[in-house]
Each structure stands twice: as structure tokens, then as C-alpha cells.
Amino acid sequence: MNAKKYIQKTLMLIVLLSLPQTFLFANNIQISNVSITGQNTASKYKMIQFDISWENSWRTSTEQSNWDAAWIFIKYRSKLEKKWYHAYLNNEGHTAPTGSQITPGLVVTNTSFDAVNNPAVGVFLYRSADGYGPVNYTGVQLRWNYGVNDLADYDSVEVCVFALEMVYIPTGPFKVGDGPNSNSRGHLAKGTTTEPFQITSEAAITIGNTATNELWQASTIYSAATIGGEGTLSAQFPKGYQSFYIMKYELSQYMYKEFLNKLTRTQQQSRCKAITEGRFMRNNNNYSTPQGRNGIKVMSDPGEPFPRVYGNDLNNNGLSGDPNDGQHIACNWISFYDLRAFADWSGLRPFTELEYEKACRGPLDPITNEYAWGTTKINEAGPMTSLNNLGTESETASPNANIAYGKKTTGPLRCGIFARTNSDRERAGAGYYGVMEMSGNLSEYTYSVGIGDKYDSSINNRIFNGNNQGNGMITASGDADVVGWPLAAGLKGSNWLYDGSLNHQINAHQLSARNQTSQLHLDEQWDTSGLRLGRTQP
């Protein structure tokens, strides 16, 4: 599943050392045998070498014309201090094993590489030819420009290599909204009609209802689903036409725990309310038992100035990392501020509600009231007694279930739980391109067309600049600081809790529903909200 794998080892910049351990989680993505080699003291670079493998990989040049990939980034720290930093990579000079290829990801996309001002903050590694099944790449080498990170030739550092599973969404037109007979609240439409609106470029779009080439919505009296008034959707707002990557799964609790453990003590307090030893992640610091199936816990606290140590302990036995400690469950109690910080830290970015619909529907014509998997058939997972292997990497639901929705479970389920052997798109609950759990499990934060011109520039989503990705570092207080990222966002999709009993829950799990897409979400942490990110990638 999305749970990234990491390898950590003390390495000298001038000495080759390898790491024999292998970390294995969720969808069996593994990184092993990390070493540093090939130092060039004149150009101040070194090669970070490792092996990587994962299951259920694919590349196809027909129909979807896409592939899955690993987004790989590196953190390091000097042995003389506790703070972790982001390793800045070169745009070329990497080594891709046979059968794979590497594409670097710059801080600012659609702009030229500059080792200092616009470095690569990670790379995508993916198949170089069509195929399906497990991949195992040995001897991957990434060129780390350690001089750009102000390191000397003989500095001693610790290095961690991280990987997240992503899906490539190709360039091309598509439609938003699901038509005149839809009951998807506030669904998008073209101008003076209730027909779906076609996105044909990344050019600015007029938001209005006086012509058919304008973007508007079906009538709604629900303010959280409104289009937000007339105006302009800027050219820099990602509309889903240009190619982009999106996380295959919602972020796992394992990965969020690792994020917390790479922060300073002050940064941790901003990104997790649990700050006392023995307390679990929630929207306060009060609970000594897991809340909403979130097993992230403060395992120990060495005190100022040292960071706390977080672990996964869903079974609450005081030991982190047991097989049933929930590492593979999607991480909830996430605010939009938390998402922005993780995006900046990992070199990714938030995605938009238009990209959400593209990732789910692809180029297909909309189906009235469809879900992310392209049909109107839905089978809810639960109750909890019907699930097997709770909290483990093999947690499973009933054979026909394809969504966590309707208050049948006590929290989110394992990332990718519905992707079974030989399951089709509907049974897997998958979007057109292979992105999982977009209709349920946890709600998705997205920048919204409807959070618009009535707000100032710090909130107005319509001016979001999707060319600006995270640079790998967050502020001393633990916040994102990327220019052009508004402070608020809406929600798309639904979650494990919503059962339609409240107004904002009605049909929320339908692909084109906008029940809370125009409602401001900032620093509130909910047991129903998770973390998924994207990245512009020409």
C-alpha cells in the first residue's frame, strides 16, 4: 500500500557502506541495500544507491496509457545535530536499472532546472515498457548534490530513503459533472446548461452562467457546495488536462508516523496534538487508547530539546510495530494544514477538485450518479466483525465490498483493501487510472473552484499555483511555506462515517458530488479526513 519504506544508516560521504536490512510494508514496496558511492569532490556530488521492489506494478500504452511509479526522496542529517534536512538531487546523471526509467521532479515545474534555485527534490521511478506484475530494481543510483546542501567532503551523515506509490495521469481532455439527471449535490456543469463541462486545456476558465463555454454548476441551496460566484479560474490552477501524478492510496499511519519522527520537537507539536507519552493521535492530547482506528502514539519523550518518539501501537500493548499495529491503515485526524506541511516536506503538492474528477473518470463520458469506479453499484464494508486480520497488512473485507462508508466500521480501513486478485475496477473500488479509495474510506482535501474571489489571496483557491511543489523543508514552527498555496481547501469524496443522515452527507460519495467542496477547511483535524497528494509532471 502507500506505506512508504525507508532505510536509515549512518554513512560517511567518502566511504561506501551498505545496509542489509529490508523494510517491508503494505503493498510490499521495499527499499534495501542503501549505500553511498561514486563521490566527485570537484563537482560536490555523491550517488545514493539502493534496491527497490513493489507488487502490482503496471504500464500500458493502450486505453489508460499510464503507469504506476515510486516517488523517491531522501532525507539526511549531520551526526553533529538532530535536525533532518532534504537532499537535493541533480536533474540528470541518475542510474535507472534495466526495465525502468527515472524522471526527476523539480521544485518548480514547467521551469528549467537549477541546482541551487530549482533542484530536483525527488524522482519518479517506473517501468520503461508495457507490463504488469511485481518489479524488482537493483542498483538504483540517484545523484545527490551534497555541496548544494552545504555539506563538506568529509562530513558524516545519516541518510533515509523514502518511497510513495503514485499513479501517472496522462495529458488529455475530460469532463466534469455527471449530467442533468444527477442528484450529486452542486455538481459542475457548462454555463447555461446542466450538461457536463469539458476541460480541453490548462488555459484560464471563465466561471459564469451566461454562455456554454463557461464553467458553472447545477443549482444548489447548500452553501458548502456552491460554485462561489462568477470569476476566473487562473491558468496556473491545475485543471487536470496536463499530465500529473497522484498518490495511489491515502497516506498510511506508518508514513505519517515516520514524518513526525523526522521533525523537531516544535514542529511535531504543530502536526500532531498527541504530545504526552502514552497519548494517541487525535484532535486533542487527552486519549490513552486509539481513537477512530488511529494507532499513532507517543512512545517516549526524552524532553526538551529532543523530539518525541512516535510509534504505531494500535493494539496498545506498549510495543510499536507489531504486525497488527495499524501501520497500513489510512491515516485520519489530518487537517489541511497537516496536509500542506507533509506536501512541502515530501516535495509534492495538494491537488484540485478538477484533478480529482480526472483521476476518477478519465476520458470517459460521465454516468449519472456514478462513484469513483465508474458505476452506480456500491457495496459497503463492515461491520467490523466481518473484517479479517484487523490492523495488519493483510486486513481484508468481505469479497464484494468496494467502499468504507455508512458508519459500518469504527474508522478507516487498510490502504488498498479492496484491490483483490483478479478484481475488476468496480470490485476494487478503483478510479479509471488505478487510483484507490477515492469515493470512501477518508475524505480528500482538494483545492476548490468554489472557494473563490470573495476571499483574499491567502484563501482564494482559484489562484492556486500548481507549478510550485514542496521544496522538502517546512518552517521552524512546522508549517508549509510554498508560494501560491492557499491556506484553506474543500473536501471531495466521502468517508467511513458518513451514512447520509445529515445534510452534508447526502450522496457525498458520488464522484461529482461537491457537498463540502466549497466549505473552508484549515487546521481542524477530523477522524474522517486523510491525506493524498499530487504533483505536476510534464
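Residues numbered from 1 in each chain as written. Predicted model: local features only at pLDDT ≥ 70, side-chain atom pairs only at ≥ 80, totals over all residues. Heavy atoms only, no water.

*Asks:* Explain the overall build of the protein chain to me, please; I cannot follow it from the model alone.
*Replies:* If you tally the helices and strands in the protein chain, you get five helices and 23 strands. The C-alpha radius of gyration computed for the protein chain amounts to 22 Å, which stays within 12% of the reference 24 Å derived for 538 residues, consistent with globular compactness. Based on the C-alpha atoms only, the size of the protein chain along its principal axes is roughly 65 × 50 × 45 Å. Within the span of the protein chain, comprising 538 residues, buried residues form 61% of the whole. Pairs at least 24 apart in sequence give 72% of the contacts found in the protein chain among residues at least 6 apart. Taken as a whole, the protein chain presents about 18400 Å² of accessible surface, with 48% of it coming from carbon and sulfur. (Helix = DSSP H or I, 4+ residues; strand = E, 2+ residues; numbered from the N terminus. Rg over C-alpha atoms; globule rule 2.2 N^0.38 Å. Buried < 20%, exposed > 50% of the residue type's maximum accessible area, 1.4 Å probe, protein only. Contact = heavy atoms within 4.5 Å. Areas by Shrake-Rupley, 256 points an atom, 1.4 Å probe, with all protein chains shown as cover.)

*Asks:* Help me understand the environment of S61, please; the structure alone is not making it clear to me.
*Replies:* Relative to the helices and strands, S61 resides in the loop between β4 (45–59) and β5 (68–78). Looking at S61, the relative accessible area reads 51%, which means it is exposed. Remark: the alpha-carbon pair of S61 and G391, spanning 330 residues in sequence, is separated by 37 Å. Of the polar contacts made by the side chain of S61, one reaches the side chain of D130; its length is 2.6 Å. (Polar contact = N/O pair within 3.5 Å; in protein donor to acceptor, adjacent residues only side chain to side chain.)

*Asks:* How do you make sense of the nonpolar core when you look at a structure like this?
*Replies:* Soluble, globular proteins show a tendency: their nonpolar side chains are buried together. Ranked by size, the top nonpolar core spans 65 residues in total, and within it L164, Y256, F342 and W345 carry the most contacts. With six residues, helix α3 (residues 336–346) is the single largest residue contributor to this core. Not counting residues within four places of it along the chain, the set of residues in contact with F342 comprises L164, L251, M255, F259, L531 and L533. If you look at the next biggest cluster of nonpolar residues, it comprises 30 residues, including I29, I52, I72 and L125. (Core = buried A, V, L, I, M, F, W, Y, C linked by side-chain atoms within 4.5 Å.)

*Asks:* What's the story with helix α4 (residues 353–361) in this structure? I'm lost.
*Replies:* Note on helix geometry: an α-helix contains 3.6 residues per turn, so any two residues three or four positions apart are oriented the same way. Across the nine residues that make up α4, a large majority, nine, are buried. Note on α4: the residue one or two positions beyond its end, G362, has a positive phi of about 65 degrees.

*Asks:* What am I meant to see in the side chain of N285 here?
*Replies:* Here N285 lies in the loop between α2 (265–271) and β18 (296–300). In terms of polar contacts, N285 uses its side chain to reach the side chain of T276, at 2.7 Å. Apart from the residues lying within four places of it in its own chain, the contact partners of N285 are K273, A274, I275, T276 and R279.

*Asks:* So what exactly am I meant to see when it comes to the packing of aromatic side chains here?
*Replies:* The description of two aromatic rings rests on the distance between their centres and on the angle between their planes. Tallied over the entire structure, the rule returns 22 aromatic pairs. With 5.2 Å between their ring centres and 75 degrees between their planes, F259 and F342 make a pair best called edge-to-face. Here F259, found in helix α1 (residues 253–260), pairs with F342, found in helix α3; they are 83 residues apart in sequence, far enough to count as distant. The pair F259 / F342 is uniform in exposure class, with both members buried. With centroids separated by 5.2 Å and ring planes inclined at 40 degrees, the aromatic side chains of Y371 and W373 adopt a geometry described as tilted. (Phe/Tyr/Trp six-rings, centres within 6.5 Å; stacked < 30°, edge-to-face > 60°.)

*Asks:* Would you mind going over the pairing of strand β3 (residues 29–40) with me for this structure?
*Replies:* Side chains on a regular strand alternate between the two faces of the sheet. Where β3 lies against β4, seven bridges are found, and the strand directions are antiparallel. Across the sheet, T37 pairs through a bridge with M47, a residue of β4. Counting the residues in the hairpin turn of β3 and β4 gives four residues, including K44, whose phi is positive at 60 degrees. (Pairing = 2+ DSSP bridges.)

*Asks:* Just checking my understanding: could you explain the pattern of salt bridges for this structure?
*Replies:* Two side chains that carry opposite charge are able to pair once their charged atoms sit near each other. What the rule picks out here adds up to 24 salt bridges. Between E444 and R532 there is a salt bridge, with its nearest N and O atoms 2.9 Å apart. Here E444 is found in strand β20 (residues 444–446), whereas its partner R532 is found in the loop between β22 (516–521) and β23 (534–536), with 88 residues between them in sequence. Each member of the pair, E444 as well as R532, is classed as buried. Here the salt bridges share partners, and the residues they tie into one network are E357, R361, E370 and K492. (Salt bridge = Lys/Arg side-chain N within 4 Å of Asp/Glu carboxyl O.)

*Asks:* Explain unusual backbone geometry here, please?
*Replies:* Most peptide bonds take the trans form, and the phi angle of most residues other than glycine is negative. With an omega of 0 degrees, the peptide bond running from E304 to P305 counts as cis. Within the secondary structure layout, P305 lies in the loop between β18 and β19 (309–312). That bond from G382 to P383 is cis: its omega, 5 degrees, falls within 30 degrees of zero. With respect to the secondary-structure elements, P383 resides in the loop between α4 and α5 (425–428). Unusually for a residue other than glycine, K44 sits at a positive phi of about 60 degrees. Along the chain, K44 turns up in the loop between β3 and β4. Taking the relative accessible area as the measure of exposure, K44 reaches 33% and is therefore partly exposed.

*Asks:* Quick question: what am I supposed to make of the confidence of the model for the protein chain here?
*Replies:* The predicted coordinates should not be examined in detail at positions where pLDDT is low. On average, residues of the protein chain carry a pLDDT of 93, and 95% of them reach 70 or more. Throughout residues 1–26 the model reports pLDDT below 50, and contacts reaching past four residues in sequence, or to other chains, amount to 124 contacts. (pLDDT = per-residue confidence, 0-100.)

*Asks:* Would you mind going over the state of the cysteines with me for this structure?
*Replies:* A covalent bond between the sulfur atoms of two cysteines is what we call a disulfide. Under the definition given, this model contains zero disulfides. Among the cysteines around C272, which has no disulfide bond, C331 carries the closest sulfur, lying 8.4 Å off. Not engaged in a disulfide, the cysteine C360 finds its nearest cysteine sulfur in C415; these two sulfurs lie 16 Å apart. A relative accessible area of 0% means that C360 is categorised as buried. (Disulfide = S-S within 2.5 Å.)

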